[in-house]
Every structure is written in structure tokens, then in C-alpha cells.
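Secondary and tertiary structure notes
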Amino acid sequence: MTWLAWRQLRAQLLVTGGAVAVLAVYLIVLGVQIRDGHHDAVAGCGDACGSALREFQSRFEGRLYLVDALLVVTPALLGMFWGAPLVARELESGTHRLVWNQSVTRRRWLVVRLGVVCVAAAAVTGVFSLLLTWASSPYDAVAADRFDAVMFGTRNLVPVAYTCCGVMLGALCGLLLRRTVPAMALTALLFAAVQIAMPIGARPHLAAPVHGSQVMSAEAIRNLSFLGQDADVEGLSAPNTWIVSNSRLLTADGEVVGLDRYNGCLSGQFDVMAQCLAALDLHVEVAYHPGERYWRFQWLESLLYVTAALLLAALALWRIRVA
């Protein structure tokens, strides 16, 4: 039974295996280039390491972004092209009548098929994630933004968990819709919705955030992405720290800064503005997740997706009784 499942998957495995081999060569070459670039930037920067490291980041940012984008869609693609046709193709072509009238029960048949496809898909994504994590590690250390939505979702453990969930979702959609193409479309739609909702609605609440305050120095103000007319700030960041929310600009006594004084600093050159605001002795209250929680979040999110995959598999096993 397992041998038959592997045999039915061999075409997809050969094509995907060839693509992974090409990708592996590219990532190994890219990883070596990133390490050489990082060594050159640090070795020759002297007192100007900040600008040298920013140049290093800009050199490799585009290439890593493209590879990240490919890994982001890989679990959905495997769910669509490996998971959705798993049962739907049998139902659509009518071959299920022969398959399910053999000595092997339909539940056992589905368990083996799901297991083989899930293991193969997880291996593909695992190799991809492992190589990307290794190749990008010097860049990631400089970027110091491990909780970034794309970076978090394309490194270490979670891509494998995403893939298991995507494959099970695809198989269940195929079993329910009984048509391959609609099942593929529904798999892509549902999985994309989950992947968008997770970092926005669920991931921040995997642990209670820590509360603290950050002094708004001239350097911190320069790094902001937005300053509003009502003392609102956006883009507050700290190395390898996920800032979930922050207050408006506050004075030393905890009150919102007077808007007359605040708006008076907003005119003129940006550096002058930053110095002016820093002189007001401002700070913001923040809720954040510290960097040491990174692996806890990786494990917790992986557990959530694996649990969802098991629930989807259980639903498929229940539904196949009347398919």
C-alpha cells in the first residue's frame, strides 16, 4: 500500500526534487556570497560599520526577498497540487470504485496516502527552509528583525508545519468538492486567509506581551516611519524585538505631549526636528515580545498548525465513509 502511494506520487516527486536540487545549489552559492559580503563589510568598515552593513543589506535584500516569497507560497502550492488531487482525482475519474472495493479499507487507504504525501511535502519544505535559514543567517543577524512576518514564516520550523496543514487542507477540500480544480482554488483561498490572519490576529497573542517604555532620542525618532499631527508614532523598533503596540508621545509625567510644543518641532529639516523633539524629554509606552521568545513562538505556532493538520485529517477520515 505504501509502495503504491509512493508510485502514484513519483511524477510530482521527480519534478519537485529537480526543482529543489537547483534551488539548493543556488542557496549554497548565495549563502557563500552573503558570508563573504558580511566578512568584507565588517573587516573593512573601521568606524563606519553602520553604513557598510546597510550597504551589505541592500546588496542581498532583493535576492533574499525573492527566495522568501517562493518559500511563502510553497506550502500553498503543495497543498494545491499534492493535497487537493489526492482524493478528488480518484472521485473525479471514478477509479475510487475499484480502489475502495479491494481488501484495504478506504480509511486505511486514506491514512497511507495522507501520510506519504505529508512526509514528502514536509521533507521538501524542510530542506528549503533549512538551506534558506543557513544561507541568510549573516543577513538576518544584521537585520535583527526575527519577528518580521516574512522572515519568521520562512525560517526554521514553521514552514514545515505550514506545509502539513496545507496538504491536509487540500485533501479535505478535494474530498468535499469531489473536483480537482475547484478544490485547488479553495485550498489556495483558505490557506492564504489563514496565513494572513495568523501574524495579525493570532501570533501576537501566543504569549502575553511585556510592557515597558522607550525614550525617544533623536536617533529613535529618525528611525520612525511616521509622525502624526496628534503625536502618534509608527515604526518603533528595537533589535530582534516585536513591538506589538505603543502609545502616543508622552512627557516625563506620563501625559501626552502638548500639541503646540510638538507641532512647533515638526517644521524645518528632519534632523533639526528630531533634535527638537528629543529635547522635550519624550517617551512612549510599549507592549512587546522580547527576542528570547522567538523559539517559543516558533514551537507554539508549529504546534498550532500541526494540530490543525491532525484535525483536518480526522475530518477527512470521518467524511470518507460516505464519499
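You'll find the protein entered in an unreviewed UniProt entry as Transporter, with Dactylosporangium maewongense given as the organism.

A word on the packing of aromatic side chains
The final tally for this structure, using the stated rule, is 10 aromatic pairs. Look at Phe 147 and Trp 242: their rings are 5.8 Å apart centre to centre, the planes differ by 25°, and that puts the pair in the stacked class. You can see Phe 147 sitting in the loop between helix 5 (106-143) and helix 6 (149-153) and its partner Trp 242 sitting in strand 4 (residues 242-246), a full 95 residues away along the chain. Pair check on accessibility: Phe 147 and Trp 242 agree, each one buried. Ring centres 5.6 Å apart and planes at 85° place the aromatic pair Tyr 294 and Trp 295 in the edge-to-face group. By relative accessible area, which is 3% here, Tyr 294 ends up buried. Residue classification places Trp 295 among the partly exposed positions, given a relative accessible area of 38%. Put simply, the rings of Phe 147, Phe 152, Trp 242, Tyr 294, Trp 295 and Phe 297 pair up and form one aromatic cluster. The residue whose ring lies beneath Arg 35 is Trp 134, and the NZ or CZ to ring-centre distance is 4.2 Å. Against the face of Tyr 294 rests Arg 146, its NZ or CZ located 3.8 Å from the ring centre.

Focus on helix 8 (residues 180-202)
Between the first and last C-alpha of helix 8 there are 31 Å, a value that for 23 residues agrees with the 33 Å anticipated at 1.5 Å per step. A maximum bend of about 25° is found in helix 8 at Ile 196, where proline Pro 199 lies one to four positions downstream. Of all the positions in helix 8, only Thr 180, Ala 183, Met 184, Thr 187, Phe 191 and Met 198 are classed as buried.

Section: the nonpolar core
Ranked by internal contacts, the top residues of the largest apolar core, which has 46 residues, are Trp 82, Val 87, Leu 110, Leu 114 and Met 168. With 12 residues, helix 7 (residues 158-177) is the largest single contributor of residues to this core. Discounting residues that sit within four places of it in the chain, Leu 114 has contacts with Leu 86, Met 168, Ala 171 and Ala 313. Counting 20 residues, the second-largest nonpolar core is a separate cluster that includes Ala 231, Ile 243, Leu 249 and Ala 274.

Thoughts on unusual backbone geometry
The phi angle at Ala 144 is positive, at roughly 50°, despite the residue not being glycine. Structurally, Ala 144 can be placed in the loop between helix 5 and helix 6. Of note in the backbone geometry, Asn 240 takes a positive phi value of approximately 50° without being a glycine. Along the chain, Asn 240 turns up in the loop between strand 3 (233-234) and strand 4.

Here we look at the UniProt feature "transmembrane region" (unreviewed entry) in the protein
UniProt annotation of "transmembrane region" (unreviewed entry) refers to residues 12-34, 64-88, 109-137, 157-177, 184-202 and 302-320 when read in the numbering used here. Here residues 64-88 runs as 96% helix and 0% strand, with 36 Å between its end C-alpha atoms. Counting secondary structure, residues 157-177 comes out at 95% helix and 0% strand; the distance between its end C-alpha atoms is 31 Å.

Reading guide: rules and limits
Residues numbered from 1 in each chain as written. Predicted model: local features only at pLDDT ≥ 70, side-chain atom pairs only at ≥ 80, totals over all residues. Heavy atoms only, no water. Phe/Tyr/Trp six-rings, centres within 6.5 Å; stacked < 30°, edge-to-face > 60°. Helix = DSSP H or I, 4+ residues; strand = E, 2+ residues; numbered from the N terminus. Buried < 20%, exposed > 50% of the residue type's maximum accessible area, 1.4 Å probe, protein only. Lys NZ or Arg CZ within 6 Å of the ring centre and 35° of its normal. Expected span 1.5 Å × (residues − 1). Bend = angle between axes of the 7 residues up to and from the residue. Core = buried A, V, L, I, M, F, W, Y, C linked by side-chain atoms within 4.5 Å. Contact = heavy atoms within 4.5 Å. UniProt positions renumbered as here; feature names shortened; annotations may be inferred.

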